[in-house]
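Summary of the model geometry
Now for the letters of each chain:
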Amino acid sequence: DQQVKQNSPSLSVQEGRISILNCDYTNSMFDYFLWYKKYPAEGPTFLISISSIKDKNEDGRFTVFLNKSAKHLSLHIVPSQPGDSAVYFCAASPQYNQGGKLIFGQGTELSVKP
Amino acid sequence: GAVVSQHPSWVICKSGTSVKIECRSLDFQATTMFWYRQFPKQSLMLMATSNEGSKATYEQGVEKDKFLINHASLTLSTLTVTSAHPEDSSFYICSARSGLAGGGRTDTQYFGPGTRLTVL
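The following paragraphs examine the structure supplied in this document. Keep in mind it's a predicted model, so treat the numbers as computed, not measured.

Basis of the calculations
- Residues numbered from 1 in each chain as written.
- Chains lettered and ligands numbered in written order.
- Predicted model: local features only at pLDDT ≥ 70, side-chain atom pairs only at ≥ 80, totals over all residues.
- Heavy atoms only, no water.
- Buried < 20%, exposed > 50% of the residue type's maximum accessible area, 1.4 Å probe, protein only.
- Helix = DSSP H or I, 4+ residues; strand = E, 2+ residues; numbered from the N terminus.
- Pairing = 2+ DSSP bridges.
- Axes fitted to C-alpha atoms, helices over the stretch in contact; angles between N-to-C directions.
- Salt bridge = Lys/Arg side-chain N within 4 Å of Asp/Glu carboxyl O.
- Phe/Tyr/Trp six-rings, centres within 6.5 Å; stacked < 30°, edge-to-face > 60°.
- Disulfide = S-S within 2.5 Å.

Here's the deal with the pairing of strand β9 (residues 86-94) of chain A
All names here are of chain A. Of all nine residues in β9, eight are buried, a share of seventy percent or more. Where strand β4 (residues 30-38) lies against β9, eight bridges are found, and the strand directions are antiparallel. What sits directly across from F33, in β9, is A92. The pairing of β9 with strand β11 (residues 108-113) spans three bridges and is classified as antiparallel. In the sheet register, Y88 faces β11, and the bridge partner there is T108. Here two bridges tie β9 to strand β10 (residues 103-104), and the two strands are oriented antiparallel to one another. Each residue of the ladder has a partner; that of A92, found in β10, is I103.

Let's talk about the sheet that holds strand β1 (residues 4-7) of chain B
All names here are of chain B. Strands sit in the order β1-β3-β8-β7 across an open sheet of four strands; the sheet is antiparallel. Each end of this open sheet is capped by a strand with a single partner; those strands are β1 and β7 (67-73). Ignoring strand direction, the axes of neighbouring strands in this sheet form an average angle of 15 degrees. Of the strand pairs in this sheet, strand β3 (residues 19-25) and strand β8 (residues 76-81) are connected by six bridges, and their pairing is antiparallel. Bridging across to β8, C23 finds its partner in S77.

Considerations on the pattern of salt bridges
Pairing between side chains of opposite charge can happen when their charged atoms approach one another. For the coordinates displayed, the defined rule picks out four salt bridges over all chains. Among the salt bridges present, the one from R61 of chain A reaches D84 of chain A, with a minimum N-O distance of 2.8 Å. Remark: D84 of chain A occurs in the loop between β8 (72-77) and β9 and R61 of chain A occurs in the loop between β6 (56-59) and β7 (62-67); sequence separation between them is 23 residues. Exposure remark for D84 of chain A: the relative accessible area of 2% places this residue in the buried category. The salt bridge involving D88 of chain B is made with K66 of chain B; its shortest N-O contact spans 2.9 Å. Here D88 of chain B is found in the loop between β8 and β9 (90-98), whereas its partner K66 of chain B is found in the loop between β6 (57-58) and β7, with 22 residues between them in sequence. One exposure class covers both D88 of chain B and K66 of chain B, and it is buried.

Overview of the packing of aromatic side chains
All chains considered together, the criterion is met by twelve aromatic pairs over all chains. Residues Y36 of chain A and F46 of chain A carry aromatic rings whose centres are separated by 5.9 Å and whose planes lie at 65 degrees to one another, so their mutual orientation is edge-to-face. Note that Y36 of chain A is positioned in strand β4 and F46 of chain A in strand β5 (residues 45-51), a separation of ten residues in sequence. By relative accessible area, which is 0% here, Y36 of chain A ends up buried. Overall, F46 of chain A belongs to the partly exposed group, its relative accessible area being 25%. What links up through ring pairs into an aromatic cluster is the set Y36, F46, F89 and F104 of chain A together with F28, Y36, Y110 and F111 of chain B.

Examining the state of the cysteines
Summed over the entire model, instances satisfying the criterion amount to two disulfides over all chains. What pairs with C23 of chain A in a disulfide is C90 of chain A, and their sulfur atoms sit 1.9 Å apart. Residues C23 of chain A and C90 of chain A are joined by a disulfide whose S-S torsion is about 60 degrees; by sign, that bridge is right-handed. Taken as a pair, C23 of chain A in strand β3 (residues 19-25) and C90 of chain A in strand β9 lie far apart in primary sequence, 67 residues in all. In this pair, the class of C23 of chain A matches that of C90 of chain A, namely buried. Across the disulfide, C23 of chain B is cross-linked to C94 of chain B (sulfur-sulfur distance 2.0 Å). Disulfide C23 of chain B to C94 of chain B: torsion about the S-S bond roughly 80 degrees, handedness right-handed. With a gap of 71 residues between them, C23 of chain B in strand β3 and C94 of chain B in strand β9 connect regions that are remote in the sequence.

Take a look at the structure:
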């Protein structure tokens, strides 16, 4: 039972354009969401997070949008750069989980072409 | 800030031997550390949650006698793969979560660079 889903395994974008990575979840108890970026043979790097009390959080070129009614979040990268090419994971945490366990999606591989 | 290191970064061992992987939080105290493994082209699979000073909590399907976890201090957790077999070959990643003073909540995990284990 995949509670966090990233339905697009890959995405290709031209440099300078917007990259939009999507993530859907099924558990309405999730109230904290994170995006991580991962290069091959490295650990994931934290990018940005959002709490369910917000619908948008912005940090430089990265913006995360949360639509609670649709149980959907997205990561926007503007403008996209070749160095953004990596696998992006979304993750969610339920409000009852004080242990801090995160549920990860399957990842989307972003390729930004010069 | 929030740097997590892992050692070794890669290891090759013979079948039947044991391998220990260390995970350290370098600039913060980690009340909880997590161990994941990742197969090629797949997501991160949580193996266990490690709390300082207590027994680790293993996910369903993960053999606790095979994957021994010790969280001896607030900055160090170790994963020992005992009697390793070729099917244990994988990329093992740890993460650390810091506790907030005053009981606040943070669910941001900071990941180590990973350890590539190859069992011959």
